[in-house]
Amino acid sequence: EPSAYLGEKLRRALAQASQRQSYRSRWRQIAAAAALLCIAGLGYFVFSRMPSNADLMAALAKDHAAYIARIDASQLVSSDPQEIEAWYRGRLPFEATLPGLVATPTGARVCRVLEHPCGLVFYAKDARRCSLFVFAPGAFPQVPDAMAREGRLTVMLWREQDRVYAFVSDFDPVEAAG
């Protein structure tokens, strides 16, 4: 009988379509889960490689200690903040501006801290030396403004006018603030 034959054929076609739809739905779920795992893994990889506040403070103190004792540490010898800012143009991938400090600049150099290029300005106050690191806007977005002691050194990190600054010295940074 033709109608029974067509009915059976229609039921088989619907069952096959339903099975294909179920199969596609499972693959979509598997693909979505795999994509979610990849995104989570990438996020973990990126965020686990970002330096912590303690890592940054330790690296700043280490660089300060390494450069402050060297007579040849300055690539530019100058006490003029505008000359130092001009010298950084073309040497750094951002415009380095210096905040007002009552200490006197003695020189500057270009360096890297935790893979971030920065300007390092040496200052003197009352025969003591300190370092000011100037970073690009957006450097260390996960690290908050902070002050910490690293051994005998004080390290202060702050943001001002879209720049990231770090002050390192063996004396209280409030003494050098303008």
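### Topic: the overall build of the chain
Here is step 1 of the chain: For the chain, the helix and strand inventory stands at three helices and seven strands.
Here is step 2 of the chain: For the chain, the sequential pattern of α-helices and β-strands runs α-α-β-α-β-β-β-β-β-β.
Here is step 3 of the chain: Per-residue burial for the chain yields a buried fraction of 35% across its 178 residues.
Here is step 4 of the chain: Accessible area of the chain: about 10900 Å², with a carbon and sulfur share of 58%.

### Let's talk about the sheet that holds strand β4 (residues 128-135)
Here is step 1 of the chain: What the seven strands build is an open sheet, ordered β1-β2-β3-β4-β7-β6-β5; its pairing is antiparallel. Looking along the sheet, the strands with just one partner apiece sit at the ends: β1 (76-77) and β5 (146-150).
Here is step 2 of the chain: Relative to β4, strand β3 (residues 116-125) runs antiparallel, the two sharing eight bridges. Pairing of K125 across the sheet is with R128, part of β4.
Here is step 3 of the chain: Helix-sheet contacts for helix α3 (residues 81-88) involve β1, β2 (104-113) and β3, and the interaxial angle to β2 is about 25°.

### Comments concerning the nonpolar core
Here is step 1 of the chain: Judged by nonpolar contacts, the single largest core of 25 residues is most densely connected at L56, L60, V113, F133, F135 and L157.
Here is step 2 of the chain: Among the elements that line this core, the one with the most residues is helix α2 (residues 53-68), at seven residues.
Here is step 3 of the chain: Setting aside anything within four residues of it in sequence, one finds F133 in contact with L60, D63, H64, C111, V113, C118, G119, L120, V164, Y165, A166 and V168.
Here is step 4 of the chain: Of all hydrophobic cores here, the second largest spans 20 residues; its members include W87, Y88, L92 and L132.

### Some points on the pattern of salt bridges
Here is step 1 of the chain: Applying the stated rule across the entire model yields three salt bridges.
Here is step 2 of the chain: A salt bridge links D145 to R159, with the nearest nitrogen and oxygen atoms 3.0 Å apart. Here D145, found in the loop between β4 and β5, pairs with R159, found in strand β6 (residues 153-160); they are 14 residues apart in sequence, far enough to count as distant.
Here is step 3 of the chain: Under the relative-accessibility criterion, D145 is labelled partly exposed at 46%.
Here is step 4 of the chain: For R159, a relative accessible area of 32% gives the class partly exposed.
Here is step 5 of the chain: Note that D170 and R152 form a salt bridge whose closest N and O atoms lie 3.8 Å from each other. Of the two residues, D170 sits in the segment after β7 (163-169) while R152 sits in the loop between β5 and β6, which places them 18 residues apart along the sequence.

### Regarding the environment of V143
Here is step 1 of the chain: Considering the arrangement of structural elements, one finds V143 in the loop between β4 and β5.
Here is step 2 of the chain: Along the sequence, V143 and M57 sit 86 residues apart, while their C-alpha atoms lie 10.0 Å from each other.

### Remarks on α3
Here is step 1 of the chain: Every buried residue of α3 is accounted for by I84, E85, W87 and Y88. Each buried residue of α3 lies within a common arc of 160° when the element is viewed along its axis, so the set occupies one face.
Here is step 2 of the chain: Elements that come into contact with the buried residues of α3 comprise β1, β2 and β3.
Here is step 3 of the chain: One side-chain oxygen of the residue at the start of α3 lies 3.1 Å from the amide nitrogen of Q82, identifying that residue as D80.
Here is step 4 of the chain: Positive phi appears at G90, one or two residues downstream of α3, with a value of about 90°.

Definitions and limits used
- Numbering of residues starts from 1 in every chain and runs along the sequence as written.
- Since the coordinates come from a predicted model, pLDDT governs what is reported: local features require at least 70, and pairs of side-chain atoms require 80 or more to be given and counted, while whole-chain, interface and lining totals use all residues.
- Water and hydrogen atoms were dropped before computing side-chain values, which therefore reflect all heavy atoms in the structure.
- By the criteria applied, helices consist of DSSP H or I runs no shorter than four residues and strands consist of E runs no shorter than two, each listed in order from the N terminus.
- Each residue is assigned to one of three classes by its accessible area relative to the maximum for its type, calculated with a 1.4 Å probe on protein chains only: buried under 20%, partly exposed between the two thresholds, exposed over 50%.
- Working definition of accessibility: Shrake-Rupley area with a 1.4 Å probe, residue cover restricted to the visible protein chains.
- Two strands pair if DSSP finds at least two bridges between them.
- In this description, contact between two residues means that some pair of their heavy atoms is separated by no more than 4.5 Å.
- Angular values range over 0 to 180 degrees, each being the angle between N-to-C directions of two axes fitted as lines to C-alpha atoms, with helices fitted over their stretch in contact.
- For the purposes of this section, nonpolar cores are sets of buried Ala, Val, Leu, Ile, Met, Phe, Trp, Tyr and Cys residues that join through side-chain atoms within 4.5 Å.
- Here, a salt bridge means any side-chain nitrogen of Lys or Arg that lies within 4 Å of a carboxyl oxygen of Asp or Glu.
- Note that the arc is computed from the directions linking the helix axis to the C-beta atoms.
- Polar contact is the term for a pair of N or O atoms within 3.5 Å; when the atoms are in protein, one must be able to donate a hydrogen and the other to accept it, and sequence-neighboring residues count only if both atoms are side-chain atoms.

Bear in mind that shape data such as this cannot, by itself, settle questions of function.
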